[in-house]
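# Structural description and commentary
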Amino acid sequence: MNNFKKQAIVFLTASLVCLSASAQEKTNKWYDNIKLSGYGMLQYQGKDIEGEESNTFNLRLLRMILDGKISDFAWRAQIQGTNAKGPGEPTVQLMDLYGEWVKHKEFQVRVGQFKRAFTFENPTHPVTQGWRGYADVINRLSGFGDRVGEKSSGGRDIGIQVQGNLFPNSNGRSLLHYQVGVYNGEGINRSDKDNRKDIIGGVWVMPVDGLRIGAFGWTGSHGGMTTVEGNNESVGLNRYCLSAEWDKNEYTFRAEYLHSQGWGSGVIGSTVVDYSLGDKADGWYVFGIVPVIKSKLHAKARYQTYRKSKEWATSLNSVEAGLNYFFTKNLQLNFEYARVNDRTLAKHDYNLVDLELDFRF
């Protein structure tokens, strides 16, 4: 083989190696912008409600999440598996699917299915939230198992939202946050039933590091409801929330008050209006979580009330206390005891014990 052929072979080989390395580098960069994560929550819960005692292990939920970014565009897809319908009736559903333009922190645009812009607690991660569940008033007035009858939607809806952080101080920390969204008003994985959109917005100030004080408003409707006359109509909805939170150095304190005006079924998944409930409901909660051993053991206490007809005779109240133990930052064991007072029961008071093993990956 002459020198020319040898040189040509060496050149071609080197070129292929370079092209392959370049392609591999581009491929790696593409994959580097996609992240797979998730978490699981395993639960034991016991209640001694008179005539309805229960004592069971539950698979609370499993979520798989894909996050990615393409230039100034971020996206998320999240799927959930849970026993939302009850033990033995698993549900798998799409929870999040959205894209967001994130070039400027002062003005960002999100489109798709995601958390409604309502309350501080709604968007809190279920594991980070630290309790056996979101507060009752959040569940009933923020789109989880909503009072209007909407199926459990995890506080989410389909729509478009703009948000941003404004007025940075000398340290670069923003002093004000705003967010406003337009949604179908029907919960997750559902198109609009009445062609009327919900508008939800919130604003909060952050005067010192760790402190947020905010307010939220929500006006809209829920379509496809059956009235007492048997008509298929939309039900109007007006809500507001007042919120305050301190969250710093593993100390978390939060309090929120929610008020709702509008008819509903009061039963998850039902479209039949229950006029006996009245058209008003409200509730509040306050809790504290503090470190006993930093990054290892937290103590917690919570008081909450939900009044499904804005009357004490329909109130659900509880005083709760417990501990959260962290084996690692991604594995924790949560214990909680609650003394519950449900005014709608013949015997109002009962005890609740909850134990959960939560993990992330």
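Residues numbered from 1 in each chain as written. Predicted model: local features only at pLDDT ≥ 70, side-chain atom pairs only at ≥ 80, totals over all residues. Heavy atoms only, no water.

### As for the overall build of the protein chain
Here is the rule we go by: Secondary structure counts use DSSP, requiring at least four H or I residues in a row for a helix and at least two E residues in a row for a strand, with both numbered from the N terminus. Relative accessibility under 20% of the residue-type maximum defines a buried residue, over 50% an exposed one, and the middle range a partly exposed one, all with a 1.4 Å probe and only protein chains included. Two residues form a contact once any of their heavy atoms are found within 4.5 Å. Surface accessibility in these figures is a Shrake-Rupley result with a 1.4 Å probe; residues are shielded only by whichever protein chains are displayed.
Helix and strand counts for the protein chain come out as three helices and 16 strands. Per-residue burial for the protein chain yields a buried fraction of 43% across its 361 residues. Sequence separation of 24 or more characterises 55% of the internal contacts of the protein chain that already satisfy a separation of 6 or more. Carbon together with sulfur atoms contributes 61% to the accessible area of the protein chain, which is approximately 18300 Å² in total.

### Side note on the nonpolar core
The tendency in soluble globular proteins is for nonpolar side chains to be buried side by side. As a reminder of what qualifies: Joining through side-chain atoms within 4.5 Å is the link that ties buried Ala, Val, Leu, Ile, Met, Phe, Trp, Tyr and Cys residues into a set, and such a set is a nonpolar core.
The biggest cluster of nonpolar side chains holds 27 residues, and the ones touching the most others in it are F118, V137, I138 and L258. Elements supplying a minimum of two residues to this core: helix 3 (136-141), strand 8 (198-205), strand 9 (211-226), strand 10 (232-248) and strand 12 (280-293). At four residues, strand 12 tops the list of elements feeding residues into this core. Filtering out sequence-adjacent residues up to four positions away, L258 remains in contact with F118, T119, V137, I138, L141, Y240, C241, A281, D282 and G283.

### Some details on the pairing of strand 3 (residues 73-82)
For the record, the criterion: Note on pairing: two strands pair once DSSP finds at least 2 bridges between them.
Taken together, the ten bridges between strand 2 (residues 54-70) and strand 3 define a ladder with antiparallel strand orientation. Note on strand 3: the bridge partner recorded for I70 is F73. Between strand 2 and the antiparallel strand that follows it, strand 3, lie two residues; S71 among them carries a positive phi value of about 55°.

### A word on the confidence of the model for the protein chain
Operational definition: Note: pLDDT gives the predictor's confidence per residue, expressed from 0 to 100.
When the pLDDT values of the protein chain are averaged, the result is 90; 89% of them are 70 or greater. Across residues 8-13, where pLDDT falls below 50, the model places one contact with residues more than four positions away in sequence or in other chains.

### Side note on unusual backbone geometry
Trans peptide bonds make up most of the peptide bonds, and negative phi angles are found at most residues other than glycine. With phi around 75°, T119 is a residue other than glycine that occupies positive phi space. Among the secondary structure elements, T119 is positioned in the loop between strand 5 (107-115) and helix 2 (126-129). In this structure, N249 is a non-glycine residue whose phi angle is positive, near 55°. The residue N249 is located in the loop between strand 10 and strand 11 (251-261) in this model.

### Structural notes on the packing of aromatic side chains
We count it as follows: Pairing of aromatic rings covers Phe, Tyr and the six-membered ring of Trp, with a centre-to-centre limit of 6.5 Å; geometry is then stacked below 30 degrees between planes, edge-to-face above 60, and tilted otherwise. Two conditions define a charge sitting above a ring: the NZ of Lys or the CZ of Arg must be within 6 Å of the ring centre, and it must be within 35 degrees of the ring normal.
Counted under the stated rule, the structure contains 16 aromatic pairs. For the pair Y98 and F114, a centre-to-centre distance of 5.9 Å together with 80° between the ring planes defines the contact as edge-to-face. On the criterion of sequence distance, the pair formed by Y98 in strand 4 (residues 91-104) and F114 in strand 5 is long-range, its members being 16 residues apart. Take Y98: its relative accessible area is 15%, and that puts it in the buried class. Taken together, the ring pairs in this structure connect F118, F120, W204, F216 and W218 into an aromatic cluster. Seen from the ring of Y98, R110 lies directly overhead, with NZ or CZ sitting 4.3 Å from the centre. When the ring centre of W218 is taken as origin, the NZ or CZ atom of R239, which lies over that ring, is 5.0 Å away.

### Notes on the pattern of salt bridges
Stated formally: What makes a salt bridge here is a side-chain nitrogen of Lys or Arg within 4 Å of a carboxyl oxygen of Asp or Glu, nothing more.
According to the stated counting rule, one finds 20 salt bridges in the structure shown. Salt-bridge contacts for R307 lead to D282; the nearest nitrogen and oxygen are separated by 2.9 Å. Residue R307 is located in strand 13 (residues 297-307), and its partner D282 is located in strand 12; the two are separated by 25 residues in the primary sequence. We note a salt bridge from K300 to E336, for which the minimum N-O separation is 3.8 Å. Taken together, the positions of K300 in strand 13 and E336 in strand 15 (residues 331-342) put the pair 36 residues apart, joining distant regions of the chain. Note on accessibility: K300 and E336 belong to one class, buried. Salt bridges here are not isolated pairs; linked through shared partners, they connect R132, K300, R302, E320 and E336.

### Observations concerning the environment of L242
When you line up the elements, L242 lands in strand 10. The spacing of L242 and W284 is 42 residues in sequence and 9.5 Å in space, taken between C-alpha atoms. With residues up to four places along the chain from it excluded, the contact list for L242 reads G214, A215, A255, E256 and Y257.

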